[in-house]
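Now for the letters of each chain:
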Amino acid sequence: KIELQHGAHRTGKRTDADMQTWRTYGLGQFIHWGAYSLLGGKYNGEYYNGAAEWIRVWNKVPNAVYDNLYKQFNPQQYNPTQWAAMAKQMGVKYLTFTTKHHDGFCLWPSKTTSYTIAGTPYKKDIIKPLVEAYTKAGIDVYLYFSVMDWSHPDWRYDLKTREDTIAFDRFKKFTKDQLTELLTLYPETKGLWFDGTWDNSWKKSGAFTDSLEQYLKALRPGLIIGSRLRADDLGNRHNDANGLLMGDYEQGWERKIPKTYADVHGNDWDCVMTIPENGWGYQEKWLGHWKTSNELIEMLAQCVSLGGNLVVNFGPKGDGSFRPEEMTAAKDIGAWMKINSNAIYNCEYAGWEKQDWGYYTKRTGENKYYMIVFNVPVSGSLKVQPPRNWTVTKATLLGDATKNISLEKIDYGGSFIHLPKGFSTGKPFVIELETQKATGTGNEQKAKT
Ligand SMILES: C[C@@H]1N[C@@H](c2nc3ccccc3[nH]2)[C@H](O)[C@@H]1O
């Protein structure tokens, strides 16, 4: 064990009520909106082939051009109530919203810089009405904040000289002041989703990241902060030098999903996911493959079945409208959740032997299990193999309990679930299983006599 001043201060999961609520969400919405949304990945008729919110680093866009884009930001159609209604219909339980991305443009009227929404033709605070609309809709709000800030003269990628350190100390104060504003202006915020903390300057600031986290949690008791904020005494991020997670949940699953439960290392975690292959801000021309609704639903099932949340990203246009593909995804996922959300909300890792037909989830605190089925075998029979001494006592198809699926017990508590001939819903479906611990398998009796 390595002695650390600024390593993890907790082992194991957070067990308080706020974190237990976070664990019940299953499905979240990410929204990336900012100056980059005005360009949509395009400049002078050419498309940037990277992530649209990174277009400022493309040599074809002069910094002076990019850094003045905000003077055209004027989303008169912006309607956070409509945004919240779309999210509600989709079935998301929490929102993560970009207050400031790597470019440094603040969507709230910060007093720490002139590079804010107050300096745009729109003038008004974007975040306040958003927090209110989502909170009113019963959706918890989390704020995304990029530490890396390309617009700030004191930002440093590394600390090589005394001047770097003096400048970066000013930058740390600026960062703390901005975060204080956010938690003070929007006290309903349940947590902060940090980004842009991979550079050496931050890795060398372990002590500051530790005191900053403690300061923020004192300012807002219960605040939930993932593993991207902290660095330990030796510059390790996410896990400290002793392999312990620094943060309330693992934030490393960006655009990727753990393969097995072992990959999760007993941590809470979220997977933030783009609908196109990459790119978080509005991209006029989506490069490559974008995920179908069924692919997104399968990712949702995978995440919840391994104890995490899936946070699907939306990138509204500069005018605040959503593109058709994103509206369709929200509608389709919402329609599926309307029937099947019992397999997603308040669910956790089941620990049963995975079968080819899909994924198990388990209702927290109950002996209720869910099969989220994507692949019906040619036999039309789904094998279920609970752990020894557990048996399945009932199987019900969600959304259409009349469809008679039959339950055939086989070896050691295992079962086959037979679907009616020619059964097909054309989309993923869920079977709810009631289970109970087998009283005695009779073996004990033999042993006694
Ligand atoms: C949640 C996502 N994180 C940002 C990001 N920047 C990166 C730089 C290098 C590798 C991965 C990155 N992800 C993306 O711009 C988006 O905000």
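Residues take numbers from 1 onward in each chain, read along the sequence in its written order. Totals for whole chains, interfaces and linings use every residue, but because this is a predicted model, local features are given only for residues with pLDDT of at least 70 and side-chain atom pairs only at 80 or more, for both listing and counting. Side-chain metrics rest on all non-hydrogen atoms present in the structure, leaving aside hydrogens and water.

S.K.: Give a description of the overall build of the protein chain that names residues and reports values.
M.R.: Scanning the protein chain for helices and strands turns up 10 helices and 18 strands. Radius of gyration (C-alpha) of the protein chain: 24 Å, near the 22 Å computed for a compact globule of 449 residues. Structurally, the protein chain occupies a C-alpha span of about 85 × 55 × 35 Å along its principal axes. Between buried and exposed lies partly exposed: a residue is buried under 20% and exposed over 50% of the maximum accessible area for its type, with that area taken using a 1.4 Å probe on protein chains only. Buried residues in the protein chain amount to 55% of all 449 residues. Here, residues are in contact when the closest pair of their heavy atoms is within 4.5 Å. Intrachain contacts of the protein chain at a sequence separation of at least 6 include 69% that bridge at least 24 residues. All accessible areas in this document rest on Shrake-Rupley with a 1.4 Å probe, and a residue is counted as covered only by the protein chains that are shown. Summed over its atoms, the accessible surface of the protein chain is roughly 19,400 Å², and 52% of this surface lies on carbon and sulfur atoms. Residues scored as charged are limited to Lys and Arg (positive) and Asp and Glu (negative), so that His and the chain ends carry no count. Here the site of a charge means NZ on Lys, CZ on Arg, CG on Asp, or CD on Glu. Averaging the positions of the 55 positive and the 50 negative side-chain charges in the protein chain gives two centres separated by 3 Å. Helix and strand labels come from DSSP, where a helix needs a run of H or I of at least four residues and a strand needs a run of E of at least two; each type is numbered from the N terminus. Atoms counted for the radius of gyration: C-alpha only. Globule rule: 2.2 Å times residue count to the power 0.38.

S.K.: For the site of the ligand, give the residues involved together with the corresponding values.
M.R.: If you check the shell around the ligand, you find His32, Glu53, Trp54, His101, His102, Tyr144, Trp193, Asp195, Trp198, Glu254 and Trp280 and nothing else. The term polar contact refers here to a pair of N or O atoms within 3.5 Å; inside protein, the definition further demands a hydrogen-donor-capable atom paired with an acceptor-capable atom, and it admits residues adjacent in sequence only when both atoms are side-chain atoms. Between the ligand and Tyr144, the relevant distance is 3.4 Å, taken from an oxygen atom to a side-chain nitrogen or oxygen of the residue. Contact between the ligand and Glu254: a nitrogen atom at 2.7 Å from a side-chain N or O atom of the residue. Within the complex, 75% of the 390 Å² of free accessible area of the ligand lies under protein. Put simply, Ala, Val, Leu, Ile, Met, Phe, Trp, Tyr, Cys and Pro go in the nonpolar bin, Asp, Glu, Lys and Arg in the charged bin, and everything else, Gly too, in the polar bin. Of the residues contributing to the shell around the ligand, the split by class is 5 nonpolar, 3 polar and 3 charged. A single heavy atom is enough: if one lies within 4 Å of a molecule or strand, its residue is considered near that molecule or strand.

S.K.: Can you explain the pattern of salt bridges? Please cite residues and give values.
M.R.: Pairs can form between side chains of opposite charge whenever their charged atoms are close. What makes a salt bridge here is a side-chain nitrogen of Lys or Arg within 4 Å of a carboxyl oxygen of Asp or Glu, nothing more. Considering all chains together, one arrives at 23 salt bridges under this definition. With a closest N to O distance of 2.7 Å, Lys204 and Asp158 form a salt bridge. Of the two residues, Lys204 is situated in the loop between α6 (200-203) and α7 (206-219) and Asp158 in the loop between β5 (140-146) and α5 (162-185); the sequence distance between them amounts to 46 residues. Residue Lys217 is joined to Asp248 by a salt bridge in which the shortest nitrogen-to-oxygen separation is 2.7 Å. Placement of Lys217 in helix α7 and of Asp248 in the loop between β7 (224-225) and β8 (250-254) is noted, with a sequence separation of 31 residues between them. Residues participating in the shared-partner salt-bridge network are Arg10, Arg14, Asp16, Lys217 and Asp248.

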